[in-house]
Structures are given as C-alpha cells and as structure tokens.
Amino acid sequence: MAQVEKRGGLLRKSSASKKPLKEKVVLMYDEIFMTEDPSKCSPRFWEELFLMKVNLEYLEGKLESLDGEELMKIKDNINCLFQHCIQALGEEHPIRVVNALQTLCALIRGVHQKNKSTSGFDIINMLMGFDKAELCMKNLMESLDSLLCAEGSESLKSLCLKLLLCLVTVTDNISQNTILEYVMINSIFEAILQILSHPPSRREHGYDAVVLLALLVNYRKYESVNPYIVKLSIVDDEATLNGMGLVIAQALSEYNRQYKDKEEEHQSGFFSALTNMVGSMFIADAHEKISVQTNEAILLALYEAVHLNRNFITVLAQVGYIKNPISYRFIPLKSISVFISSVELPLDADVQTSNLLITFLKYSSIVMQDTKDEHRLHSGKLCLIILTCIAEDQYANAFLHDDNMNFRVNLHRMPMRHRKKAADKNLPCRPLVCAVLDLMVEFIVTHMMKEFPMDLYIRCIQVVHKLLCYQKKCRVRLHYTWRELWSALINLLKFLMSNETVLLAKHNIFTLALMIVNLFNMFITYGDTFLPTPSSYDELYYEIIRMHQSFDNLYSMVLRLSTNAGQWKEAASKVTHALVNIRAIINHFNPKIESYAAVNHISQLSEEQVLEVVRANYDTLTLKLQDGLDQYERYSEQHKEAAFFKELVRSISTNVRRNLAFHTLSQEVLLKEFSTIS
C-alpha cells in the first residue's frame, strides 16, 4: 500500500502519478469559501465538519489570501461557520468542542489579519453579522464560561483560555477591539477566579488566566467603566488572592532562576576566562550578554492586583514558598511548618521561606540593571511604579518594617570594576524594607550614565522618600546602613553637576536635585525620630561636613542659574532655598573643626575627632523649620501614567498574540486525551 504524505492540507500518494489529493477537511473548507451555502447539497455538512481534525494553517492562510471584496462575497458562509462553531461548543462530544474552539481561533485571527486597516465593527460584521452579534457573543461567552467552570478536561479549559487570549489580543491596541464590548457585558471574571482558587486548575491554567485578567482590566480603562476593574478591586477571597499571588510568584521566580543559570554559565565559561586574561575592563560588556526575556505581562498583573485591590497587599507577605534546589514548591506560609516537619530538607542556603515580595525584589534587581533595552526599561519603570504603590500603603509598610519578619534577600548587583561581588552567605536577615532600600541604592549607584534615565531616578527617590515618611510618622527606628544611601545621593549630585551642560539639554535636573536635597532635609529635621541611634544622627552631620565641597558646588551652580533670567531660574531658586539648613550645618561646624585642629596641632582629623566637635557644638546650631518635607503627592495612574500603560499593554498584546502560535493550539494532546471516547 502506497504511503501517504501530508503537506499544507494536501495528501500525496508516493506513486508514479504524483497527483496531489486534498484531505477531506480542506475540501470542506474550500466549499465554505464558495458563495453557495455548503449545507444545501450536504445537509450533514456542519455536523461532519466538526468531526474532522482542524487544519489551522490552511484555514487561516485561506482567509488571509482573500482580498476584502472576495471576503465580503462569502460573508454569509463565514457567519454561518462562526454560528455553527458556537453551537458545537454545547455538544457532548468533546472532539466537536475541540474542533469548534480551534476553528474559532483560526476564524478570528484570519479575518482580523484581512481587516487590519478597518474598524472593529467591520470585523464583527464579517464574523457574525451586526444583527446576530449580540446573541452570538452571549452564547459564545456563556459556553466558554461553562467549559472553564466545569470539572471536565483540563486540555479543553486550556483551549478555551487560548481562544479568549486570541480574542483579546487580535488587535495591538486592545481598546480598539470592539468585540471586547461583548466580553465586558458577558463577564467571565468569576470563571477566572475559580481557576485561580482551585489548585489543580491553577497549576494547569493559572498563568493564562492571570495574563487574560490583566489584559481585560486594561480595556478602555480610562474611557468607560470596566467591570473587570470594579470586580478585581473588591475581591476578598483569600484562596483566590493567594492563588493569583502564587501564579505571579512562580512566573517571576522562573525568570530569576533562568537568569541565575545563565549568569553561572557565563562565570564558568568563556567570559570568565577572558576576564581573567585581560582584567576586568570588559566585565560590563560580558554582563550585558546575559539576557533573559522579560515578562511584562505577569508584571502588569502584579501591578493591577497591588494597585486596584487593597486586600492583595496582604498576599505580598502571606504567600510563601520553599525554594528547593531540585524543584520549586509554592506553599502558603501557614503550611510551611507542616511541610518542614514532614520532609527532610537539605542544609542548603537555597532552601528557605520566602514570599512574593522577595521574588519581586529579586526580579526587579535583575531587570533594573540594564535600562538600555526598551523591554527592560519598561519593566524597570513598572517595577518602580509597583514599589511606589507598596511604599504608599500602610499595611505594606507595617510588614516591610516589622522587626519580627526578617529575611535574607539576595539581590542581583551589577558587576562594577571598583567593587567586589558580595558573598551570598554573608547576607544578614533584616526587615524587608532594608532590601527595598538596598535596591534603590543599587539603582542610584549604577545608572549614572550618558543616557541618563531621569524618570526612573525620580521614581527611585520618591520610593525612598515615602518609606522615610512612614518611618517618621510611626517613629520606626530602622537599623540600616544609612551611610550607603547618603553616599549614593551625594555621588548622584556630583554627577548632575559634572554633567550639567549635557543633562540640561534633555532634562530639568533641578527637580531631581531638589528631591535629593530634601531627603537630606528630612534626615536633618526629623532624623532624631527615626534614625536608630544618636550616633547615626552624628554620622549624618559627619557625611554632610565631609562632603561639604559637593554641597558648596551645588549651591554655586543653582545660585548662578537662579540669578540669571534663563529658563531654569525658578527651578534653581527652589534648590537654593532648600539648601539653607545644609549650608547652615557646614558654615557652623567647619570653622569649629578648623579651630579644633589648630588648637590641637592636628593636620588631619579622624572621624571620631570630627564627631567629638559635632557633638560638642549642637547647642549653638540654628536651623530653619522647613514645611512639607514629610508630605508627598500620591500615585495617580490616569493623570500621569496613561500613555505609558497604553504603550505597555500594546506591547504585551503583540507578544501574547505572537506566542499563540499554531503549535500551542495543536490537537495532538487533546485527541490523545479523548481517544477512549467511542
């Protein structure tokens, strides 16, 4: 018997004639692409069609090959196919349901490819017809909802989610996808929540469900009332919120793991040998080659959960997992003690309790290293926006600053020539706010470059300021190495001054300079209420006096620009006024230090000797009380971030659609699962 080869919908016998034969489903598709109703000659046409294995490539390609006029001629048949697909979703025979779902995917994608330049209404008309669209979409959404909530096939649920993702991302700008109006009216929100709250379903479909929810929340969010936003904001079911947190934690953790693997690969391979041979001058270039695709979709889901739902803030702390070197297991914190007692764990530094916030901080420390790449820049910005929302939340701050909740957080640090890589095992256990501050200091130190990321720097300083406001308000005395922050801020000021001309051509550097100076003012004015010890306050003064030349230079620069009638006059004047207390400290203590050195015949005073002078002369220091240092403008997405999120969601939509490739919609697994059905 001659063997049969299959190529693009054609069957060819390996005989001498070489005459190509089309498989039956392709012949049936060709009938649909005629102007006549295919069921006229064959009454059982639609019933038979959904028993045939779908040829996605052929169907979608056929739709794309027709021009607009040709497509309009077969509109009735396309409408009929769409309606019969929806009817087939209610069939008991799962093979029919599978084929109907895949046919719908091909129809939606194929018709949209042909109608890219036209409005969403034309696509609705082409798929369903205006007069039947409302009923069609109602039936479709009800069928998908039933399939997602049923206890049936997990593969079938996966295909339902793929279809929904296909439907949502069929346009780059999801707010222009008018079909989604019907998805708003016929909500599947509860079905998504059920997947997230049910462990078996969550393991199989959690990722797709979370990405789908994040995209639906962003449909016309600034133009009309989006029911998914409203519903997400009031979810208070612990199992559902924890489920969502677990899915996000797993996805971010997987990214962290992949990055760590690549980093170790580089360190043990060619780049390590090269660095040893020629020194460390190329260390940054070698590091830049470590690249793992960022995951903006899951980061967007985390943002929407943190931003919209106050209850989700608790998940940042409560959802924990055991990180095992062999496998990643995510377990609610309350179950960890049971897990530890029932399983013998290796004595390894990688095996420890963790939570979503720690995983997120590690992810942030990776993506914020390199902001030259557009995706990483967007990811870095979104990480800082999420941290801004967290830093404004009272409950989140209570958890961050809790002395009884200490963690060892191994943040990724950019390789730099002037510092050694910190040993992971030497990391202390501290409240999580210390890791947030470490992350901000790390960003400040590592991004002083020609392509200066001004927007990210401003967000970074804002996060620090909001954390200090909480500490001042609640009198939290955090044991942190504040000197590292002060040193980073002063170095940033020095960078702004030394690159004044270049930076002023692109940015208002005085906004950032004012924020930095006011952070110092915050420490000067209120430091006695939140710095851990009196000696910490003394060290603050020591750093200001030690680096007085930087503050003097800043004052000279802003004074020069504030006395000229240029565009920076007002902005520079604000910095001039903000420097009043820093200058008072410098002008008060410097003469006394010089006098002390002269009297004691010492050319170079030690730190302890300077501190002695400082402590002895506090009483005669006069400072001005500055208002509003502990006040800040709360984060607002709609007014300031709308353009960023529209562009981000467009990028995510394109990426999700691209990854819904033919092989992900393959029937092989499904047919195998249903092979026992008679």
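Residues numbered from 1 in each chain as written. Predicted model: local features only at pLDDT ≥ 70, side-chain atom pairs only at ≥ 80, totals over all residues. Heavy atoms only, no water.

## Thoughts on the overall build of the protein
Secondary structure summary: the protein contains 35 helices and eight strands in total. For the protein, the proportion of its 678 residues judged to be buried stands at 53%. Residue pairs in contact within the protein that sit at least 24 positions apart in sequence constitute 76% of those at least 6 positions apart. (Helix = DSSP H or I, 4+ residues; strand = E, 2+ residues; numbered from the N terminus. Buried < 20%, exposed > 50% of the residue type's maximum accessible area, 1.4 Å probe, protein only. Contact = heavy atoms within 4.5 Å.)

## Points about the packing of aromatic side chains
Enumeration according to the criterion identifies 21 aromatic pairs in this entry. When the ring of Phe45 is compared with that of Trp46, the centres are 5.0 Å apart and the planes differ by 90 degrees; the resulting orientation is edge-to-face. Take Phe45 and Trp46: they sit in the same class, and that class is buried. For the ring pair Trp486 and Phe523, a centre distance of 5.5 Å and an interplane angle of 90 degrees mean the geometry is edge-to-face. Highlighted residues: Trp486 in helix H25 (residues 482-498) and Phe523 in helix H27 (residues 509-530), separated in sequence by 37 residues. For Trp486, a relative accessible area of 1% translates into the label buried. On the accessibility criterion, Phe523 (0% relative accessible area) is buried. Joined through ring pairs, the aromatic side chains of Tyr480, Trp482, Trp486, Phe523 and Phe530 make up one cluster. (Phe/Tyr/Trp six-rings, centres within 6.5 Å; stacked < 30°, edge-to-face > 60°.)

## Concerning the packing of helix H28 (residues 534-546) against helix H31 (residues 580-599)
Running from N to C, H28 and H31 cross one another at 85 degrees; their axes reach a closest spacing of 9 Å. When the axis of H28 is compared with that of H31, the two are roughly perpendicular. Where H28 abuts H31, its residues Tyr541, Ile544 and Ile545 lie against Ile582, Ile585, Ile586, Phe589, Asn590 and Ile593. Among the residues making up the contact of H28 with H31, the classes are represented as eight nonpolar, one polar and no charged. (Axes fitted to C-alpha atoms, helices over the stretch in contact; angles between N-to-C directions. Parallel < 35°, antiparallel > 145°, perpendicular 65-115°, else oblique. Nonpolar A, V, L, I, M, F, W, Y, C, P; charged D, E, K, R; others polar.)

## Observations concerning the environment of Asn491
Structurally, Asn491 is set in helix H25. A C-alpha to C-alpha distance of 9.2 Å links Asn491 and Met448, two positions 43 residues apart in sequence.

## Quick look at the packing of helix H11 (residues 189-197) against helix H14 (residues 238-268)
Running from amino to carboxyl end, H11 crosses H14 at an angle of 75 degrees, the nearest separation of the two axes being 7 Å. As summarised for this structure, H11 and H14 are arranged roughly perpendicular, according to the angle between their axes. Of H14, the residues touching H11 (which contributes Leu193, Leu196 and Ser197) are Ala239, Thr240, Gly243, Met244 and Val247. Here the contact of H11 with H14 is composed, by residue class, of five nonpolar, three polar and no charged.

## Quick look at the pattern of salt bridges
Counting across every chain of the model gives 32 salt bridges. The partner of Glu641 in a salt bridge is Arg459, with the nearest N and O atoms 3.0 Å apart. Here Glu641, found in the loop between helix H33 (637-640) and helix H34 (642-659), pairs with Arg459, found in helix H24 (residues 454-474); they are 182 residues apart in sequence, far enough to count as distant. Taking the relative accessible area as the measure of exposure, Glu641 reaches 6% and is therefore buried. Owing to a relative accessible area of 8%, Arg459 belongs among the buried residues under this scheme. Between Lys472 and Asp630 there is a salt bridge, and its shortest N-O distance comes to 2.6 Å. Taken together, the residues Lys472 in helix H24 and Asp630 in the loop between helix H32 (607-616) and H33 connect sequence positions 158 residues apart. Taken together, the shared-partner salt bridges connect Lys381, Asp455, Arg459 and Glu641 into one network. (Salt bridge = Lys/Arg side-chain N within 4 Å of Asp/Glu carboxyl O.)

## Things to note about the side chain of Thr529
Inspection of the secondary structure assignment puts Thr529 in helix H27. Overall, Thr529 belongs to the buried group, its relative accessible area being 11%. Among the polar contacts listed, one links the side chain of Thr529 to the backbone oxygen of Tyr526, at a separation of 2.6 Å. Among all residues touching Thr529, those that are not within four sequence positions of it are Lys472, Arg475 and Arg477. (Polar contact = N/O pair within 3.5 Å; in protein donor to acceptor, adjacent residues only side chain to side chain.)

## Quick notes on the confidence of the model for the protein
In low-pLDDT regions, the fine details of the predicted coordinates are not to be read closely. Scored by pLDDT, the protein comes out at a mean of 85, with 83% of its residues at no less than 70. Considering only residues more than four positions removed or in separate chains, one finds that residues 1-7, a stretch of pLDDT under 50, has 13 contacts. In the model, residues 321-351 has pLDDT below 50 throughout and makes 52 contacts with residues more than four positions away in sequence or in other chains. (pLDDT = per-residue confidence, 0-100.)

## A word on H28
Here H28 contains 13 residues, and its C-alpha end-to-end distance of 18 Å stays within 8% of the 18 Å for a straight helix at 1.5 Å per residue. Listed in full, the buried residues belonging to H28 are Ser536, Tyr537, Asp538, Leu540, Tyr541, Tyr542, Glu543, Ile544 and Ile545. Packed against the buried residues of H28 are H25, H27, helix H29 (548-562), H31 and H32. (Expected span 1.5 Å × (residues − 1).)

## What about helix H30 (residues 569-578)?
For H30, the set of buried residues is Ala571, Ala572, Val575, Thr576 and Ala578. Buried residues of H30, seen end-on, are gathered within an arc of 165 degrees and therefore sit on one face of the element. In H30, the exposed positions that point more than 90 degrees away from the buried face belong to Glu570 and His577. On the buried face of H30, the contacting elements are H27, H29 and H31. (Arc of directions from axis to C-beta.)

## What about the environment of Ala305?
Looking at the secondary structure, you find Ala305 in helix H17 (residues 296-308). Classification of Ala305 by relative accessible area gives buried; the value is 1%. Sequence separation between Ala305 and Ala214 is 91 residues; the distance between their C-alpha atoms is 8.7 Å. Aside from chain neighbours lying at most four places away, what touches Ala305 is Met244 and Phe312.

## Digging into unusual backbone geometry
Phi is positive for Arg475, close to 50 degrees, though the residue is something other than glycine. Tracing the chain through its elements places Arg475 in the loop between H24 and H25. Backbone geometry places His601, a non-glycine residue, at a positive phi of 55 degrees. Among the structural elements, His601 can be located in the loop between H31 and H32. Classification of His601 as exposed rests on a relative accessible area of 74%.

## Points about the state of the cysteines
The bond known as a disulfide is covalent and runs between the sulfur atoms of two cysteines. Applying the stated criterion across every chain, the model contains zero disulfides. Between Cys160, a cysteine without a disulfide, and Cys105, which holds the nearest cysteine sulfur, the sulfur-to-sulfur distance is 9.4 Å. (Disulfide = S-S within 2.5 Å.)

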